[in-house]
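These are the residues of each chain, in order.
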Amino acid sequence: MKVKTILVSQPEPKVENSPYFELQQKHKVKIDFRPFIHIEGVNAKEIRLQKIDLNHYTAIILTSRNAVDHFFRVADEMRFKVPEGLKYFCQSEAVAFYLQKYVVYRKRKIYVGPKDFADLSPLIKKYKDEKFLLPASDQLNADAPNTLNNLKVDWTAAVFYKTVMSDLSDLADVYYDVLAFFSPTGIKSLYKNFPGFEQNNTRIAVFGSTTQKEALDHGLRIDILAPTPDTPSMTMALEKYIVEANKGK
């Protein structure tokens, strides 16, 4: 069956040269964007209930832009003056670059990992006497705790923000040829909003092994999978499928 419409369960890209827009124009398909999940901040009172005192920590580990935003939001709510000597350990260059939204880069002690959390190990080990705070979501990936425990450093994780399923009730009567998912929570949101969802001819695209597992656990047929050696991105996987499905269009 040919592909004419795709729903991507993420916010619409803010850059004009997004591969999704190129895909849409090149193959004359309609692509809509709708987050199936969203982030909500945990307030300062809840942070205190987790027995978190920001004065106690000398280093902050930041794994995402959300972690950056919500650390500084909580600091503001707590009227905590972030000390200039605080050390920042950023999981990637993108996170470190985003940190400039809140601090003057050249005046701060910022350490950057290449990509994965484990890549931060040598940097954290070098400063093993620091007291580390890991502001995280309620769905913290196991990589971070495992890495930090193996390093035997003094660290604490705290939930600064939560992943919440969005209300999708307005999509009840809307049909798409392809639904693209990027997290297990996105799949859960689909079934929370539409408990009686039946796949029928809808093609399901998933990104990552945990999303794939969640889809299979719900009995979904996976038609498009990324990343793979041939299709390392979702847009590449979608394009490959569209080319095959729309032959002779």
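Coordinates for the structure precede this section.
Definitions and limits used
Residues take numbers from 1 onward in each chain, read along the sequence in its written order. Only residues with pLDDT of 70 or above have their local features reported here, since the model is predicted, and side-chain atom pairs are shown and tallied only from 80 upward, although totals for entire chains, interfaces and linings are computed over all residues. Water and hydrogen atoms were dropped before computing side-chain values, which therefore reflect all heavy atoms in the structure. Here a helix means four or more residues in a row that DSSP labels H or I, a strand means two or more in a row labelled E, and each is numbered from the N terminus. Working definition: with a 1.4 Å probe on protein chains only, accessible area under 20% of the residue-type maximum means buried, over 50% means exposed, and in between means partly exposed. Throughout, a contact is declared for two residues whenever any of their heavy atoms are within 4.5 Å. Note on areas: these come from Shrake-Rupley sampling with a 1.4 Å probe, and a residue is covered only by the protein chains present in the view. Strands pair, by our definition, only if DSSP identifies at least two bridges between them. Orient the strands so they point away from the viewer; a crossover is then right-handed if the path from the first strand over the helix to the second runs clockwise. All axes here are fitted lines through C-alpha atoms, helices being fitted over the stretch that makes contact, and every angle between N-to-C directions spans 0 to 180 degrees. The scheme is simple: roughly parallel for angles under 35 degrees, roughly antiparallel for over 145, roughly perpendicular for 65 to 115, oblique for anything else. Each crossing is labelled by how the near helix is turned from the far one, with a counterclockwise turn of less than a right angle marking it left-handed and a clockwise turn marking it right-handed. Under the convention adopted here, Pro, Cys and the residues Ala, Val, Leu, Ile, Met, Phe, Trp and Tyr are nonpolar, Asp, Glu, Lys and Arg are charged, and Gly plus all remaining residues are polar.

S.K.: Teacher, can you tell me more about the overall build of the protein here?
M.R.: For the protein, the helix and strand inventory stands at 9 helices and 11 strands. Counting only C-alpha atoms and orienting by the principal axes, one finds that the protein spans roughly 65 × 35 × 35 Å. Out of the 249 residues belonging to the protein, those deemed buried represent 44%. Considering only intrachain contacts with a sequence separation of at least 6, the fraction spanning at least 24 residues in the protein is 68%. Summed over its atoms, the accessible surface of the protein is roughly 13,900 Å², and 50% of this surface lies on carbon and sulfur atoms.

S.K.: Could you clarify how one ought to interpret the pairing of strand S2 (residues 30-33) in this entry?
M.R.: Consecutive residues of a regular strand have side chains that alternate between opposite faces of the sheet. Burial along S2 is one-sided: the residues Ile31 and Phe33 are buried and none of Lys30 and Asp32 is. Note: strand S1 (residues 5-8) against S2, 4 bridges, orientation parallel. Across the sheet, the residue bridging to Leu7 is Asp32, located in S2. Crossover S1 to S2 through helix H1 (residues 19-27) is right-handed.

S.K.: Looking at this structure, how should I read the environment of Ser9?
M.R.: Along the chain, Ser9 falls in the loop between S1 and H1. For Ser9, a relative accessible area of 9% corresponds to the buried category. The spatial distance from the C-alpha of Ser9 to the C-alpha of Arg34 is 5.0 Å, given a sequence separation of 25 residues. In contact with Ser9, not counting residues within four places along its chain, are Arg34, Pro35, Phe36, Ala180, Phe181 and Phe182.

S.K.: Even after reading the chapter, I still don't get the packing of H1 against helix H9 (residues 234-245), so can you show me in this structure?
M.R.: Packed helices, taken two at a time, are described by their axes: the angle between them and the distance between them. Across the interface, H1 lies against H9 with an axial gap of 10 Å and an inter-helix angle of 15°. The angle between H1 and H9 places the two elements in the roughly parallel class. Remark: the crossing between H1 and H9 carries right-handed chirality. Each of Pro19, Tyr20, Leu23, Lys26 and His27 in H1 lies in contact with H9, whose residues at this interface are Met234, Thr235, Leu238, Glu239, Ile242 and Val243. Class assignment for the residues of the contact of H1 with H9 results in 7 nonpolar, 2 polar and 2 charged.

S.K.: Quick question: what am I supposed to make of the sheet that holds strand S8 (residues 154-165) here?
M.R.: Within a sheet, each strand pairs with its neighbour through backbone hydrogen bonds, oriented either parallel or antiparallel. Spatial ordering of the open sheet is given by S3-S8-S7-S4-S5-S6, a layout of 6 strands whose pairing is mixed. Each end of this open sheet is capped by a strand with a single partner; those strands are strand S3 (37-41) and strand S6 (109-112). Ignoring strand direction, the axes of neighbouring strands in this sheet form an average angle of 25°. Of the strand pairs in this sheet, strand S4 (residues 59-62) and strand S5 (residues 87-90) are connected by 4 bridges, and their pairing is parallel. Residue Leu62 lies in a different strand from S5, and its bridge partner there is Cys90. In the packing of helix H3 (residues 65-77) onto the sheet, the strands contacted are S3, S4, S5, strand S7 (131-137) and S8, and the crossing angle to S8 comes to about 105°. Seen against the sheet, helix H6 (residues 143-151) touches S4, S7 and S8 and runs at an angle of roughly 180° to S8.

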